[in-house]
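# Residue-level structure breakdown
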Amino acid sequence: MAKSSNPEGKPGVRIVVAGDRGTGKSSLIVTAAAETFPTNVLRLLPPTRLPEDFYPDRVPITIIDTSANPEDRGKLAEELKRADAVVLTYACDQPETLNRLSTYWLPELRQLEVKVPVIVVGCKLDLRDDQQQVSLEQVMSPIMQQFREIETCIECSAYKHIQIPEVFYYAQKAVLHPTGPLFDQESQTLKPRCVRALKRIFILCDHDRDGALSDAELNDFQVKCFNAPLQPSEIVGVKRVVQDKMVEGVNERGLTLTGFLFLHALFIEKGRLETTWTVLRKFGYNNDIKLSDDLIPHSSVKRAPDQSVELTNEAIEYLRGIYELFDGDLDNNLRPVEVEDVFSTAPDSPWNDVPYKDAAEKTALGGLSLDAFLSEWALMTLLDPARSLENLIYIGYPGDPSSAIRVTKRRRLDRKKQQSERNVFQCFVFGPANAGKSVLINSFLGRPYSDTYSPTIDDRYAVNVVELPGGIKKTLVLREIPEDGVAKLLSSKDSLAVCDIAVFVHDSSDESSWKRATELLVDVAGHGEDTGYEVPCLIVAAKDDLDSFPTAIQDSTRVSQDMGIEAPIPISSKLSDFNNIFRRIVNAAEHPHLSIPETEAGRSRKQYHRLINRSLMFVSVGAAVAIVGLAAYRVYAARKNASN
C-alpha cells in the first residue's frame, strides 16, 4: 500500500514502547530490528528504525524505547503524546506487571489524552510457569472490556524468537488500518459513518442503478480496488458465503447493499481490516471516514469579501432530480426520514444543526417542498460553499464539482451598475428587542403568529423563495441579528460586505423602539460609509395593528428624507398584512443604488471631497493656463530674437 495510506500523510509510523522496568521492552525492540536476541542490552535504546520493506504495507516504522523511572516521567509523557501507536509491555513471569496495566499504564494514557491504538504485549513467554497456564483471551478479556483503546493482545518471547515480528506488525496495522472508525466492538456492528461510506461506494459501483452488484459490476469493483479480476468461481463463492448467512444479501440481480455491508463486517471480524480500508481509500476516504481534502475543490471557492457563492443551474437541476428520486410518493413533501435518506451516503446530515435546522419553511406534514429543499442548499452554499460542495459529492453529484458553484460579481460593482444579477440575496434584520424581528422571520417561513415573546440570543437564519412578477423566483436569506449582537458585528471591517440589504424593524406603537431602530440604522449606514460596503436599507414599522406613537409620521418622514431612503413600510404579522414586504426587500436588493442611506457625517465627507476635487480642478485649470501662457511667451520671445 502507498505511503499515503498513513494517517495525515505522515512518512512513517511512530511506535512508542512503554511498561514497567524489567518487562523486556529493550530486548523486544533489539530482537525485532536485529533478528537476534541481545546478550547485553542498553538500559534505554536510541530510536530504532525498521526499513520500509519490513512489512507488506511498505511504510517505515520508528520504534521509541522509554524509561519507567520516575525522574524520566516528563520525557515519557512527551513521547507518548507523539506516538501513532503504543505498545504496552508486561512480563509473563511477573503477574504484578500485568495488573499494573489496568491500575497505572492505561489510566495514565487516558490522563495524558493519548488517543491512539494500544497493543498489549506479554514478553518473556518462555519464563512463564507451566503450572499457571491460562488462555490469553481469559486473562485479557476483562481489561479489554474496560479499555476499548486496546487493539490487540499478544504474547511473545525475544529469547526464543516467538511472535516478535508480529508485535510491530499489529502495531503498524492498527495505525494504517484502525478498527475504531469502522467497527463497534461492543455491539459487534459496523459504525454508522462506515456504513454511510460503504453505501455510497456501493451506489457508485451499481452502474445500472438496479440495487444490486451484478457479476460484471462486482468484478469492476474488485479490479478498481485490488487491481485483480475475480474468477467466475470466486464470484459464485463470495455470493454463496453471503447467502448462507443472510438470504437477503443476494438476489437474482446480484449482491445487494445488505450483502455488501455483511461482507465487510465479516472481513473486519476475521481481522482483515486492510480489505475494507483499501476499498475506502480507493474511493478517497481518510482515517476519519471522510473524503480527503484534495477531493474537495476548495480553491474554486476563493472570493472577495463582497462576493458570494451560488449553485449553478447544472447543480440545481441535479438537486431537482435527487428530490424527485427521494420523494417516493411525489407529493412535493420530503419527509424528515427522506431528507435523512438523501444524506445517508454522507458522514452525517448537514441540516441537523444550526444554522440550517428549522431555517426553511415546512409543509403541513412537517417535510420540505422542492423550493424549501433548494433553499436549504442555497443557504449552505452561501454560508459554507466548501461544505455544500462536499455534500454534493457525497450524494453522488456526477459532474466536475467546480461546475456546481459560481462566484457572483462584487456587490460594489452591482451598486455602480445599479443592478444585481444575483439569484440569492442575504438580508440582515436589525432592530431593538421586542420590535417584531422574530415574528417577521417566522411569517417568512409560513409559521403562525404568536403573542408569546421569546428573545433571540444568537444570530438566526431563515431562507425561502420569493416569487417576483413574471414568475421569476429569487432566494432570500434573512439573518436576524439580536440587538446586543450589533456592536460585535460592526467591530469587523468586512461585516457588511456579505449583506445585500439591511432591514430595520421597530414597534410602530413604541417611540423608544423607533428611536433605537434609527440609531441602529445610523450605526450601520455609517459603518458602510467608513468601510466602502454601503448597503441599501429599508425601515419596517411592525405591529401596524396597534396605534402609532404621536409623532410617528413626522419623525419617520424626517428620517427618510434626511437619509434619502423610502418611508417605513407598515406591516402587521398579527393580521397577516405584510404589504409585499419580502418582494420589496428583493426589489431593493436588485437595485441597490436606490435605497442606500446617507448619514450626516457621510454627507459632510462627500461635500468635503467635492470641494477638494473642485479645488484640484481649479488648480489643474490654472496650471494648464500658466503652462500655455509660458509656452506662448517662449514662442513670442523666440520670434522677437529672430527678427532682431
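Residues numbered from 1 in each chain as written. Predicted model: local features only at pLDDT ≥ 70, side-chain atom pairs only at ≥ 80, totals over all residues. Heavy atoms only, no water.

Per an unreviewed UniProt entry, the chain goes by the name Mitochondrial Rho GTPase and belongs to Gossypium darwinii. In its Sequence similarities (unreviewed entry) section, the UniProt record describing the chain reads: "Belongs to the mitochondrial Rho GTPase family." Under the UniProt heading Subcellular location (unreviewed entry), the note attached to the chain is "Mitochondrion outer membrane". (UniProt positions renumbered as here; feature names shortened; annotations may be inferred.)

## What about the UniProt feature "domain: Miro" (unreviewed entry) in the chain?
As annotated by UniProt and renumbered to match this structure, "domain: Miro" (unreviewed entry) occupies residues 10-177 and 422-591. Between the first and last C-alpha atoms of residues 422-591 the distance is 11 Å; the span itself is 33% helix and 22% strand. (Helix = DSSP H or I, 4+ residues; strand = E, 2+ residues; numbered from the N terminus.)

## Some points on the environment of Glu340
Here Glu340 shows up in helix H12 (residues 336-342). Spatially, the C-alpha atom of Glu340 lies 33 Å from that of Gln145, the residues being 195 residues apart in sequence. Once you skip the residues sitting within four places of it in the chain, Glu340 turns out to touch Arg196, Ser349 and Asn352. A distance of 3.2 Å separates the side chain of Glu340 from the side chain of Asn352, its partner in a polar contact. (Contact = heavy atoms within 4.5 Å. Polar contact = N/O pair within 3.5 Å; in protein donor to acceptor, adjacent residues only side chain to side chain.)

## Remarks on the packing of aromatic side chains
Applying the stated criterion across every chain, the model contains 17 aromatic pairs. Centre to centre, the rings of Phe202 and Phe260 are 5.6 Å apart; their planes meet at 55 degrees, and the pair counts as tilted. Here Phe202, found in helix H6 (residues 192-205), pairs with Phe260, found in helix H9 (residues 257-269); they are 58 residues apart in sequence, far enough to count as distant. Each member of the pair, Phe202 as well as Phe260, carries the same accessibility label: buried. An angle of 45 degrees between the planes, with centres 4.7 Å apart, marks the rings of Phe444 and Phe582 as tilted. Taken together, the positions of Phe444 in helix H16 (residues 437-444) and Phe582 in helix H20 (residues 581-590) put the pair 138 residues apart, joining distant regions of the chain. A single burial state applies to Phe444 and to Phe582, both of which are buried. (Phe/Tyr/Trp six-rings, centres within 6.5 Å; stacked < 30°, edge-to-face > 60°. Buried < 20%, exposed > 50% of the residue type's maximum accessible area, 1.4 Å probe, protein only.)

## Section: the nonpolar core
Ranked by internal contacts, the top residues of the largest apolar core, which has 73 residues, are Ile201 and Trp377. For this core, the element with the highest residue contribution is helix H13 (residues 370-383), accounting for 9 residues. What Ile201 contacts, discounting residues up to four positions off in sequence, is Phe221, Phe260, Val279, Leu280, Phe283 and Tyr285. In this structure, Leu50, Ile61, Cys156 and Val175 belong to the second largest nonpolar core, which totals 28 residues. (Core = buried A, V, L, I, M, F, W, Y, C linked by side-chain atoms within 4.5 Å.)

## Quick look at the layout of surface pockets
One way to see where empty space is left: roll a probe the size of a water molecule over the atoms. For the second largest pocket, the calculated volume is near 800 Å³. Lining the second largest pocket we find 34 residues, and of these Gly436, Ser438, Val439, Thr452 and Tyr453 sit closest to its centre. Here the lining of the second largest pocket takes 5 residues from H16, the largest share from any one element. Classifying every residue of the lining of the second largest pocket by side-chain character gives 13 nonpolar, 11 polar and 10 charged. (1 Å grid on protein atoms, 1.4 Å probe; cavity = no way out; pocket = protein on both sides within 12 Å on 5 of 7 lines; lining within 4 Å. Points joined across faces, edges and corners; volume = space filled by probe spheres on them. Nonpolar A, V, L, I, M, F, W, Y, C, P; charged D, E, K, R; others polar.)

## As for the sheet that holds strand E19 (residues 569-570)
With mixed pairing, the 6 strands of this open sheet are ordered in space as E15-E16-E14-E17-E18-E19. Bordering the open sheet on either side are strand E15 (460-467) and E19, each of which pairs with just one other strand. Here E15 runs beside strand E16 (residues 473-480); their pairing, made up of 8 bridges, is antiparallel. The residue of E16 that forms the bridge with Arg460 is Glu480. (Pairing = 2+ DSSP bridges.)

## Side note on the packing of H13 against helix H14 (residues 385-394)
Helix-helix packing: each pair is described by the crossing angle between the helix axes and the interaxial distance. Across the interface, H13 lies against H14 with an axial gap of 5 Å and an inter-helix angle of 130 degrees. By the criterion of interaxial angle, the relationship of H13 to H14 is oblique. Every residue of H14 that contacts H13 at Trp377, Met380, Thr381, Leu382 and Leu383 is listed here: Pro385, Arg387, Ser388, Asn391 and Leu392. (Axes fitted to C-alpha atoms, helices over the stretch in contact; angles between N-to-C directions. Parallel < 35°, antiparallel > 145°, perpendicular 65-115°, else oblique.)

## A short note on the sheet that holds strand E11 (residues 254-256)
Taken in spatial order, the 3 strands of this open sheet run E9-E11-E10, and their pairing is antiparallel. What marks the edges here is a single partner per strand, and that holds for strand E9 (212-213) and strand E10 (250-251). In terms of strand pairing, E10 meets E11 through 2 bridges, oriented antiparallel. Pairing of Asn251 across the sheet is with Gly254, part of E11.

## What about the pairing of strand E1 (residues 13-19)?
Of all 7 residues in E1, 7 are buried, a share of seventy percent or more. Residues Val13, Ile15, Val17 and Gly19 line one face of E1 and the alternating positions Arg14, Val16 and Ala18 line the opposite face, and both faces are buried. Here E1 pairs with strand E3 (residues 61-65) via 5 bridges, running parallel. Bridging from a neighbouring strand, Arg14 pairs with Thr62 of E3. Two strands pair when backbone bridges link them, and E1 and strand E4 (residues 85-91) are joined in this way by 5 bridges, in the parallel orientation. Bridging across to E4, Ala18 finds its partner in Leu88.

## What about the domain arrangement of the chain?
Looking at the assigned domains, one finds that the chain contains domain 1 (13-176), domain 2 (189-294), domain 3 (309-401), domain 4 (411-598) and domain 5 (608-643). The C-alpha centroid of domain 4 is placed 65 Å from the C-alpha centroid of domain 1. (Domains from an automatic or database assignment.)

## A closer look at the pattern of salt bridges
One pass over the structure, following the stated rule, counts 31 salt bridges. Across the salt bridge formed by Asp414 and Arg422, the nearest N and O atoms sit 2.5 Å from each other. Using a relative accessible area of 6% as the deciding quantity, one classes Asp414 as buried. Relative accessible area serves as the criterion here: at 2%, Arg422 is assigned to the buried category. (Salt bridge = Lys/Arg side-chain N within 4 Å of Asp/Glu carboxyl O.)

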